[in-house]
Amino acid sequence: MSTVEGHAEGKDEILELIRRSLPPGKFKEVVPTRWPRRYIVFIDAWAIRPVMEALKAAGFDRFVAIEAIDWYNIEPVFELLYYVESVKLGGPLVIVRTKIPRNNPEIDTIRDIYPLAHWQEIENYEFFGIRFRGHPDLRLWILEDNWEGPPPLRKDFDTVKYVLETYYGGKKWERPVKRREPPPPRGEE
Amino acid sequence: MAEGKPRMIFLGPQHPGAPGNVAFKVWLKGEKVVKAELVPGFLHRGFEKMMENRWWEVDVVLSPRYCVEDPDNFELAYVLAVEDLFGVEAPEKARIVRTIVAEMSRIQSHLFWLMHMGGATGARYIPAWAMAAREEILRWYDYVTGHRIYHHYMTPGGIRWNVPKDFKEVTLKTLNRVMPMVKDIEDAFVNNRILRARTEGIGVIKGYVAVQLNATGPTLRAAGIKYDVRKVDPYEAYGDVDFEIPTGTEGDAHDRIVVRIREIYQSKHIIEQLVERVKPDDLNYRVKMPLLPPPTLPWPAVARHGEGMSRVEAARGEAMVHVVGIKDRKPYRVKLITPSMPLLTTVMDYIIEHEDVTIADLPIIVMSLDPCPPDIDR
Amino acid sequence: MALKALLLGMKYLFKRPYTMLVPEKEPPMTTEKTRGRHLLDMSKCVGCRMCQMVCPADAIKMYKVEGDFKQNPKKIFPGIDFNRCTFCALCVEVCPTGALSMTDITGWYMTTTDTRTNLRSPYDLAAELAKNEKPDFRVTITKQTFLYQTKKRG
Ligand code: SF4
Ligand code: SF4
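Throughout what follows, the structure given in this document is the object of discussion. Model, not experiment: these values are computed from the prediction.

Cut-offs used in this document
Residues numbered from 1 in each chain as written. Chains lettered and ligands numbered in written order. Predicted model: local features only at pLDDT ≥ 70, side-chain atom pairs only at ≥ 80, totals over all residues. Heavy atoms only, no water. Helix = DSSP H or I, 4+ residues; strand = E, 2+ residues; numbered from the N terminus. Polar contact = N/O pair within 3.5 Å; in protein donor to acceptor, adjacent residues only side chain to side chain. Contact = heavy atoms within 4.5 Å. Near = heavy atom within 4 Å. Nonpolar A, V, L, I, M, F, W, Y, C, P; charged D, E, K, R; others polar. Salt bridge = Lys/Arg side-chain N within 4 Å of Asp/Glu carboxyl O. Buried < 20%, exposed > 50% of the residue type's maximum accessible area, 1.4 Å probe, protein only. Pairing = 2+ DSSP bridges. Phe/Tyr/Trp six-rings, centres within 6.5 Å; stacked < 30°, edge-to-face > 60°. Lys NZ or Arg CZ within 6 Å of the ring centre and 35° of its normal. Patch = residues over 30% accessible without salt bridge, like charges linked within 9 Å, V, L, I, M, F, W, Y side chains within 5 Å. Areas by Shrake-Rupley, 256 points an atom, 1.4 Å probe, with all protein chains shown as cover. Buried area = accessible area lost by both parts, 1.4 Å probe. Axes fitted to C-alpha atoms, helices over the stretch in contact; angles between N-to-C directions. Expected span 1.5 Å × (residues − 1). Arc of directions from axis to C-beta. Core = buried A, V, L, I, M, F, W, Y, C linked by side-chain atoms within 4.5 Å.

1. Considerations on the side chain of His110(B)
Residues and elements named next belong to chain B.
(1) Moving on: Its place among the elements puts His110 in helix α4 (residues 92-121).
(2) Moving on: Engagement of the side chain of His110 in a polar contact is seen with the side chain of Glu263, the distance being 2.9 Å.
(3) Moving on: Excluding anything up to four places from it in sequence, His110 contacts Pro218, Arg260, Glu263, Ile264 and Ala315.

Laid out in structure tokens, this is it:
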């Protein structure tokens, strides 16, 4: 495991490449991490589209995931982490980190840059309630038909309590069978 | 019916051609599939939230449970991430044994998938041999780790129990019983003319387009891209073993079968190299973990403290785990990044858009991608 | 090609099947390490609730048992709900006194109503373990072995 210092000593071509190819003024910082060949780019939320486009042009072609962290007590923000890796350059990984306010979680969509982002954005919408501006299809997808509460992965929301009260009649051990109304008949789609 | 509006039907979640707990809304025009939309969520259990409510070392029990077929690679991913966060390095013996266990998991996952593939193509009895071969591996697991499916054998800091005295002999014996069966399956099933006619030229994703679709794992390799996390970012004992990355040329369903079969042979090769280095008498296989993770600096000085990350090549592709720890007995956030989502969304959409997929081909295409739907839901 | 497949098929036709006739003919398959039903040594348990706290499946409830237990002033003992238990053995690992251990009794043997094989209460199991050199079951892991291993490593 190489350290930050040890890693920064040698000339790191991929780090240089990322620095060179990102649009100037649109990112805050590019740092190597203590993991070899993994880099972090700190940006402001408004710059997500140009930065991702530049990364894609620089060869970071495989989009991996979007992660959201709810820094509820520590700072009222959601931190978003976009993982992109490069098959072309032989496997380096870039994590683009940005933060958006917790009371108005909105960010531009990147679904047209990376196709998988479309589904990852839906997932983050349903689990964290983050709205992706320009995404046409934000809906409950994994939680469809199973969930009526607020976004479940937020820190201020006690999922266990809510589930027990809503679905299990407040009981933890014996579960009453609750029959749900059959859904209204659907027309042909 | 051929003209007019496409008709929507459900495929799954209990259809034999559906790969487990997932459904598709399929729009049909005649028997041609116009569009298929994934309906996940049948097995959503909220792992990420559950893990936030349990202790670091207890979460190992949860970490493999979102993929039945290939549990150990995901367990390894979680364990590595926690070790990374705590700054603990497992002893060498533990690293070797964990690699062997993970490779066995890859073999049994591919064997299990062969059975599914046989189900989708209508070959019923030959892939039952794959289940027999898998049974041998499950018995090996029972002997080594104590359980058959979910092993909980790894723990942050090493492995939980020592390996049995005759570990090497048992492992080699198991492989010697599994490999002839794999060979038989290869002869009777993979090179079978009927199967070739059924799978060749179907579900083609060839070349760089696989990367653009963000595909991963054997699907990516069958498309001809030599990319494997075990090589590009070696973890555990993969850095010092010798193995190859099998790749395909055509990128069709048959290529994906062939690539997986060749991966089984590579896994066997890896295990054979590593098993020589396991010394059952060596008791240095577990280091004690501190109770609390090292202190975290408040945001935004992140990424240097309080976070751990791992990247492994599971049987279905690249899996990552990212853990965030503030000074607490429980994780602050665990993110499980799993390989199946692109396979059933972007890749499927691409295939249906670019090929004449009929409803009879759809199960074959879905199965040849080998998704593990619970890891989409988590 | 087809002929080859047929010949291979014939080969497998005469092999012993991998399916097992549980419960009629064979017991559930276990090995020396199989983690199965728990065994509680009530003369050792101090009622510290560690096992309850660590259990990931929330399977352990503490029950009050009347009796002469000097080491356990609150007289509470863990009771395990095997419908919830994942048999992860974390409770065995964490128990500070080594009161909990695991046997290799699994599957059908754990839930059967057949009194020949049905598991007796932990008391009976412990009694059998005390008087028999070769009990019907194997005790797979105990805290002692774990402690021993840790001590050896220093
Ligand atoms: S951890 Fe051991 S001593 Fe403590 S209550 Fe449980 S069984 Fe008894
Ligand atoms: S084995 Fe695991 S799940 Fe079962 S009671 Fe013990 S800690 Fe709980």
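Next comes the rest of the account.
2. A word on the site of ligand 1
(1) Moving on: Around ligand 1 lies a shell of 14 residues, among which Cys45(C), Cys48(C), Cys51(C), Cys95(C) and Thr97(C) are the nearest.
(2) Moving on: Tallied by class, the residues present in the shell around ligand 1 amount to eleven nonpolar, two polar and one charged.

3. Topic: the interface of chain A and chain B
(1) Moving on: Listed as interface residues are 62 residues of chain A and, on the opposing side, 55 residues of chain B.
(2) Moving on: At the junction of chain A with chain B, the criterion picks out six salt bridges.
(3) Moving on: A salt bridge links Arg38(A) to Asp233(B), with the shortest nitrogen-to-oxygen separation between them at 3.1 Å.
(4) Moving on: Counting across the interface, chain A meets chain B through 21 residue pairs in polar contact (both at pLDDT 80 or more).
(5) Moving on: Among the elements of the structure, β1 (27-32), β2 (38-43), β3 (62-70), β4 (77-85), β5 (93-101), α4 (115-128) and α5 (159-167) of chain A are those that each provide at least two residues to the side of chain A that touches chain B.
(6) Moving on: The greatest single-element share of the side of chain A that touches chain B, amounting to nine residues, is contributed by β3(A).

4. Considerations on the environment of Lys35(B)
Residue and element names in this part refer to chain B.
(1) Moving on: You can see Lys35 is positioned in strand β3 (residues 32-39).
(2) Moving on: Residue Lys35 is classed as partly exposed on the basis of its relative accessible area, which comes to 42%.
(3) Moving on: Here the alpha-carbon distance between Lys35 and Asp349, two residues 314 residues apart in the chain, equals 7.4 Å.
(4) Moving on: When near neighbours in sequence (up to four residues on either side) are disregarded, Lys35 contacts Lys25, Val26, Trp27 and Ile352.

5. Topic: the pairing of β1(A)
Residues and elements named next belong to chain A.
(1) Moving on: With five bridges connecting them, β1 and β2 associate as antiparallel partners. Directly across from Pro32, in β2, lies its bridge partner Tyr39.
(2) Moving on: What sits between β1 and β2 in their antiparallel hairpin is a turn of five residues, with Arg37 showing a positive phi close to 60 degrees.

6. Details of the site of ligand 2
(1) Moving on: His38(C), Cys55(C), Pro56(C), Ile60(C), Ile80(C), Cys85(C), Thr86(C), Phe87(C), Cys88(C), Ala89(C), Cys91(C) and Met102(C) make up every residue found near ligand 2.
(2) Moving on: Of the residues assigned to the shell around ligand 2, the class counts are ten nonpolar, two polar and no charged.

7. Let's talk about the packing of aromatic side chains
(1) Moving on: This structure, assessed with the given rule, holds 13 aromatic pairs over all chains.
(2) Moving on: Geometrically, the ring pair formed by Trp119(A) and Trp141(A) is tilted, given 5.0 Å between the ring centres and 35 degrees between the ring planes. Placement of Trp119(A) in helix α4 and of Trp141(A) in the loop between β7 (131-133) and α5 is noted, with a sequence separation of 22 residues between them.
(3) Moving on: According to the relative accessible area criterion, Trp119(A) is buried, its value standing at 10%.
(4) Moving on: Judged by its relative accessible area of 1%, Trp141(A) falls in the buried class.
(5) Moving on: Among the aromatic side chains, those forming a connected cluster through ring pairs are Phe47(B), Tyr66(B) and Phe74(B).
(6) Moving on: Positioned over the ring face of Tyr114(A) is Lys56(A), at 5.4 Å from the centre of the ring.
(7) Moving on: Just above the ring of Phe243(B) sits the side chain of Lys231(B); from NZ or CZ to the centre is 4.2 Å.

8. Description of a nonpolar patch on the surface
(1) Moving on: Together, Tyr125(B), Leu3(C), Leu6(C) and Leu7(C) make up an exposed nonpolar region whose accessible area comes to about 450 Å².
(2) Moving on: The residue Leu6(C) is located in helix α1 (residues 2-13) in this model.

9. Here we look at the interface of chain B and chain C
When the parts of a complex come together, some accessible area is lost, and that lost area is often used as the size of the interface.
(1) Moving on: Contact residues are listed per partner, giving 37 residues for chain B and 29 residues for chain C.
(2) Moving on: Buried surface at the junction of chain B and chain C, both sides included, amounts to about 3,200 Å², of which 58% is carbon and sulfur.
(3) Moving on: For the pair chain B and chain C, the interface holds two salt bridges.
(4) Moving on: Here Glu93(C) makes a salt bridge to Arg160(B), at a shortest N to O gap of 2.8 Å.
(5) Moving on: Of all the secondary structure elements, the ones that give two or more residues to the side of chain B that touches chain C are α5 (126-144) and α6 (167-190) of chain B.
(6) Moving on: Here the side of chain B that touches chain C is composed, by residue class, of 16 nonpolar, nine polar and twelve charged.

10. Description of the sheet that holds β1(A)
Sheet strands pair by backbone hydrogen bonding; their relative direction is either parallel or antiparallel.
Residues and elements named next belong to chain A.
(1) Moving on: Overall, mixed pairing links the five strands, which are arranged β1-β2-β5-β4-β3 in an open sheet. This sheet does not close on itself; its edge strands, each paired only once, are β1 and β3. Averaged over all pairs of adjacent strands, the angle between strand axes in this sheet comes to 20 degrees, irrespective of strand direction.
(2) Moving on: Here helix α3 (residues 48-57) sits on the sheet in contact with β2, β3, β4 and β5, set at roughly 175 degrees to β5.
(3) Moving on: Against the sheet, α4 engages β3 and β4, with an angle of about 15 degrees to β3.

11. A short note on the sheet that holds strand β6 (residues 307-314) of chain B
Residue and element names in this part refer to chain B.
(1) Moving on: The strand order β6-β7-β8 describes an open sheet built from three strands, whose pairing is antiparallel. The sheet is open, and its two borders are formed by β6 and β8 (333-337), each paired with just one other strand. Pairs of neighbouring strands in the sheet enclose a mean axial angle of 10 degrees, with direction left out of account.
(2) Moving on: Of the pairings in the sheet, the one linking β6 to strand β7 (residues 317-324) comprises eight bridges and is antiparallel in character. By the bridge assignment for β7, Val312 is matched with Ala319.
(3) Moving on: With respect to the sheet, helix α3 (residues 71-86) is in contact with β6, β7 and β8, its orientation differing from that of β6 by roughly 155 degrees.

12. Concerning α4(A)
(1) Moving on: Look at α4(A): 21 Å from first C-alpha to last across 14 residues, which is about the 20 Å you get at 1.5 Å a residue.
(2) Moving on: In terms of burial, α4(A) is a largely internal element, twelve of the 14 residues being buried.
(3) Moving on: Buried positions along α4(A) lie against β3, β4, β6 (106-108) and β7 of chain A together with β8 and α12 (340-354) of chain B.
(4) Moving on: Where α4(A) ends, the next residue or the one after it, Gly129(A), has phi of about 75 degrees, a positive value.

13. Details of α3(A)
Residues and elements named next belong to chain A.
(1) Moving on: Residues of α3 that are buried include every one of Ile48, Val51, Met52, Ala54 and Leu55, and no others. Mapping the buried residues of α3 onto a view down its axis gives an arc of 160 degrees, with all of them on the same face.
(2) Moving on: If you follow the buried residues of α3, they end up packed against α2 (13-21), β2, β3, β4, β5 and β6.
(3) Moving on: Once α3 finishes, Gly59 follows within two positions and takes phi at roughly 110 degrees, a positive value.

14. What to know about the nonpolar core
(1) Moving on: Of all hydrophobic cores here, the largest spans 117 residues; its most connected members are Tyr78(B), Ile100(B), Leu111(B) and Trp140(B).
(2) Moving on: Here this core takes 13 residues from α4(B), the largest share from any one element.
(3) Moving on: Ignoring anything within four residues of it in the chain, the contact list for Tyr78(B) reads Met51(B), Trp56(B), Asp59(B), Val60(B), Ser63(B), Val321(B), Val323(B) and Val334(B).
(4) Moving on: In terms of nonpolar packing, the next biggest core, distinct from the first, is built from 80 residues, Ile48(A), Val51(A), Leu55(A) and Tyr82(A) among them.

15. Side note on unusual backbone geometry
All names here are of chain C.
(1) Moving on: Phi at Arg49 takes a positive value of approximately 70 degrees, unusual for a residue other than glycine.
(2) Moving on: Here Arg49 is to be found in the loop between β1 (38-40) and α2 (50-54).
(3) Moving on: The phi dihedral of Lys75 falls on the positive side, at around 55 degrees, and the residue is not glycine.
(4) Moving on: Secondary-structure assignment places Lys75 in the loop between β2 (60-64) and β3 (76-80).

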